[in-house]
Amino acid sequence: MAAGEYAAAILGPVETASLASLDLNLLRTFLAVYRSGSFTGAARLLGLSQPTVTTQMRALERQTGRELFERLPRGVTPTPVADELAARIAAPLDELAAVAGPTPRAGTRAEPVHLAGPAELLCTRALPALAPLIAEGVRLRVATGLTDPLLDELRAGRHDLVIATTRPRGRTVHAVPLTDEEFVLVAAPIWAERLLGRGPARENEGEGAAGRKTEGRGVVERDTDTDGVVVPETEDEIHGQGPAGQGAEGPGSAKPGGEGPGSAGRQGSAGRGAEGQGPAGRGGEGQGSAGRGAEYQGPTGQATEAPGPAVRHAGRRSFVAPDSFDPAVLHEVPLITYAEDLPIARRYWRHVFGRRLSRTAAVTVPDLRGVLAAVAAGAGFSVLPRYLCQDLLASGALVALLEPEDPPINTGFLVQRPGASDNPDVARVRALLLRAARRW
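As the structure is a computational prediction, the values presented were derived from the model and not from experiment. Counting restarts for each chain, with residues numbered from 1 along the sequence as it is written. With pLDDT at 70 or above as the cut-off, local features in this predicted model cover only qualifying residues; side-chain atom pairs require 80 or more to be listed or tallied, and sums for whole chains, interfaces and linings still use all residues. To get the side-chain values, all heavy atoms of the structure are used, and hydrogens and water are removed first.

## Focus: the overall build of the protein
So, step 1. Helix numbers and strand numbers start at the N terminus; a helix is a DSSP run of H or I with at least 4 residues, a strand a run of E with at least 2. Scanning the protein for helices and strands turns up 15 helices and 14 strands.
So, step 2. Relative accessible area decides the class of each residue, using a 1.4 Å probe on protein chains only: under 20% of the type maximum gives buried, over 50% gives exposed, and in between gives partly exposed. Counting every position in the protein, which comprises 440 residues, the buried fraction comes to 48%.
So, step 3. By definition in these notes, contact holds between two residues if any of their heavy atoms fall within 4.5 Å. Excluding contacts between residues fewer than 6 apart, the proportion of contacts in the protein whose partners are at least 24 apart in sequence is 70%.
So, step 4. Working definition of accessibility: Shrake-Rupley area with a 1.4 Å probe, residue cover restricted to the visible protein chains. Accessible surface, the protein as shown: approximately 22,300 Å² in total, 49% of it carbon and sulfur.

## Details of the pattern of salt bridges
So, step 1. Any Lys or Arg side-chain nitrogen found within 4 Å of a carboxyl oxygen on Asp or Glu counts as a salt bridge. A full pass over the atoms with the stated rule returns nine salt bridges.
So, step 2. With its nearest N and O atoms 2.6 Å apart, the salt bridge here joins Arg428 to Glu136. You can see Arg428 sitting in helix α15 (residues 424-436) and its partner Glu136 sitting in the loop between α8 (131-135) and β4 (140-144), a full 292 residues away along the chain.
So, step 3. Accessibility expressed as a relative area gives 35% for Arg428, which makes it partly exposed.
So, step 4. Ionic pairing is found between Arg155 and Asp152, a salt bridge with its closest N-O pair at 3.4 Å. Here Asp152 and Arg155 lie together in helix α9 (residues 147-155), a separation of three residues that amounts to about one turn.
So, step 5. Among the ionic contacts, a cluster of salt bridges with common partners joins Glu136, Asp425 and Arg428.

## Some thoughts on helix α13 (residues 368-376)
So, step 1. Within the span of α13, buried status applies to Leu368, Val371, Leu372 and Val375. Projected down its long axis, α13 carries its buried residues within an arc of 100°, all on one side.
So, step 2. Against the buried residues of α13 lie α7 (119-129), β6 (174-187), β10 (336-337), α12 (343-353), β12 (381-385) and α14 (386-395).
So, step 3. Phi turns positive one or two residues past the end of α13, at Gly378, with a value near 100°. Summarising the geometry, the arc corresponds to the directions from the helix axis toward the C-beta atoms.

## Topic: the nonpolar core
So, step 1. Residues grouped as a nonpolar core are buried Ala, Val, Leu, Ile, Met, Phe, Trp, Tyr and Cys residues, joined through side-chain atoms within 4.5 Å. Counting 58 residues, the largest nonpolar core has Leu185, Leu330, Trp349 and Val429 as the members making the most contacts within it.
So, step 2. The dominant element in this core, judged by the number of residues it contributes, is β6, at seven residues.
So, step 3. Each domain's extent is set by a domain assignment, obtained either automatically or from a database. Structurally, this core is a two-domain feature, drawing no fewer than three residues from each of domain 2 (113-173 + 417-439) and domain 3 (185-197 + 320-409).
So, step 4. Setting aside residues no more than four positions away along its own chain, Leu185 makes contact with Phe325, Leu330, Tyr348, Trp349, Phe381, Ser382, Val383, Val399, Ala400, Leu401 and Leu402.

## With respect to unusual backbone geometry
The phi torsion of most residues other than glycine is negative, and most of the peptide bonds are trans.
So, step 1. In this model, Leu342 sits at a positive phi of 50°, which is unusual for a non-glycine residue.
So, step 2. Summarising the element assignment, Leu342 is placed in the loop between β10 and α12.
So, step 3. Using a relative accessible area of 2% as the deciding quantity, one classes Leu342 as buried.

## Overview of the packing of aromatic side chains
So, step 1. Any Phe, Tyr or Trp ring, taking Trp's six-membered ring, that has another such ring centre within 6.5 Å forms a pair; planes under 30 degrees apart are called stacked, those over 60 apart edge-to-face, and the others tilted. In this structure the tally under the stated criterion is eight aromatic pairs.
So, step 2. For the pair Phe30 and Tyr34, a centre-to-centre distance of 6.0 Å together with 35° between the ring planes defines the contact as tilted. Pair noted here: Phe30 and Tyr34 are both in helix α3 (residues 24-36), with a separation of four residues, about one helical turn. In this structure, Phe30 and Tyr34 share a single accessibility class: buried.
So, step 3. Between Tyr348 and Trp349 the ring centres are 6.2 Å apart and the planes differ by 55°, which places this aromatic pair in the tilted class.
So, step 4. Judged by its relative accessible area of 1%, Tyr348 is buried.
So, step 5. Three or more aromatic residues joined by ring pairs make a cluster, and in this case those are Phe325, Tyr348, Trp349, Phe353 and Phe381.
So, step 6. A ring is scored as having a charge over it whenever the NZ atom of a lysine or the CZ atom of an arginine sits within 6 Å of its centre and within 35 degrees of its normal. Directly above the aromatic system of Trp191 lies the positively charged group of Arg194, at a separation of 4.7 Å from the ring centroid.

## A word on the confidence of the model for the protein
So, step 1. The predictor attaches a confidence to each residue, called pLDDT, with possible values from 0 through 100. With 63% of its residues at a pLDDT of 70 or more, the protein has an overall mean of 73.
So, step 2. Between residues 12-17, whose pLDDT stays under 50, and residues either more than four places distant or in other chains, the model counts five contacts.
So, step 3. Across residues 198-318 the pLDDT falls below 50, and counting only partners more than four positions away or on other chains, this stretch makes 220 contacts in the model.

## Observations regarding α12
Side chains that are three or four residues apart share a direction in an α-helix, a result of its 3.6 residues per turn.
So, step 1. Inspection of α12 places Ile344, Ala345, Tyr348, Trp349 and Phe353 among the buried residues, and these make up the whole buried set. Here the buried residues of α12 occupy an arc of 135° about the axis, which is enough to place them on one side.
So, step 2. Where the residues of α12 are buried, they touch β6, α13 and β12.
So, step 3. Positive backbone phi, at 65°, marks Gly354, one or two positions downstream of α12.

## So, the side chain of Asn423
So, step 1. You can see Asn423 is positioned in the loop between β14 (409-416) and α15.
So, step 2. Of note is the side chain of Asn423, whose polar atom sits 2.6 Å from the backbone oxygen of Glu111.
So, step 3. Only 3.0 Å separates the side chain of Asn423 from the backbone nitrogen of Asp425, close enough to count as a polar contact.
So, step 4. Excluding residues within four positions of it along the chain, Asn423 makes contact with Ala110, Glu111, Pro112 and Val113. Pairs of N or O atoms within 3.5 Å make up the polar contacts considered here, provided that, within protein, one atom can donate a hydrogen while the other can accept it, and that residues adjacent in sequence are counted only when both atoms are side-chain atoms.

## Points about the packing of α3 against helix α4 (residues 39-46)
So, step 1. All axes here are fitted lines through C-alpha atoms, helices being fitted over the stretch that makes contact, and every angle between N-to-C directions spans 0 to 180 degrees. Put simply, α3 and α4 touch, their axes get as near as 8 Å, and they point 120° apart. Judged on the interaxial angle alone, α4 and α3 are oblique. Viewed along their axes, α3 and α4 form a crossing whose handedness is right-handed. Within the contact between the two elements, α3 uses Arg28, Thr29, Ala32, Val33 and Ser36 and α4 uses Phe39, Gly41, Ala42, Leu45 and Leu46. For classification purposes, an angle smaller than 35 degrees is called roughly parallel, one larger than 145 roughly antiparallel, one from 65 to 115 roughly perpendicular, and anything else oblique. The sense of a crossing depends on the near helix, which, turned anticlockwise from the far helix by less than a right angle, makes the crossing left-handed and, turned clockwise, makes it right-handed.

So this is what it looks like as structure tokens:
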């Protein structure tokens, strides 16, 4: 079958008179431009010069009598005519390429799989998941960077697979959801102690932490062994066990297994086999008890009619009710972030607090692992993916300042250029990543 006849068979009876004369090379170049999104990218894919690709596309447009691409400052965008043409020729041309492609010799190794994505996700999740394939002989070439440039490089043929933090637009690539990442507001225990009244739970320690003076709000703390979300206490539940008020007169000593009179007419918390000092009320003369393992330990607070936000521990993870956390308390805390425009933090503020974040970063690190290291060392606070900091949260080296019921979630996508790859290892890497991501 002649090339023109094959093109006519692919494209159907419509305009057969003009399509019968089309060169398959023109269609092949057209498909490369369509998938890469640029003449330059298609030239790299095909091993041609950019002027040659431009000349071929002009010839195809003259022969079909239709405009196929709109020229943009960066690349091209397909017209509806190009969308229809690509839909009709992509599968047959891919099948033809697979049949006509070179057959690898027995015993030869496949080419490396070029995988790209965020450095943090690749290093902590993707590469460990791919270890079995690497042990079997699969070769990888890994690149890191931001999503938009990596997708441009994917379209240009530089990568086989890209893990993207946003869904790619257009039909030039094929994307499937890979994993969801939850963002969490975190700081080191030293900052949590100042902001919330305490750091994470510590074993064999009973000293109450000094609370940060706020506008008439105390903080109540509860230890719990439950894994689920604890329903916020009512005022009746925590009455008599909060911070000391003004004008306290008498001391309240702890009794093993019992309750002693607390400051300002409230009861002190029960000690367990030991005596300790709780925080003193403002202007008060007495001290409420807080023994080792005490049930409640309130920070310094002013006299108030209603208690402040509840700080709880689920295991070692501290959190407060989202409707009672005032983000203004973070204004004096250094912000450690990924970039100057605060992309993750700004999204968190909009989603959780419903307001715009107006801050200047104290430190920017273009790697979230560096952000994590700085925050864990006490440099300030940040918003990080939970998968990246979950071990430090579990150990108490890092504290979640807030645990909203509806945290910000971002979906990552595994992206591949359409069309059959002549490297079978690309499909193996893709399949394993999709399977492993179910556990991330």
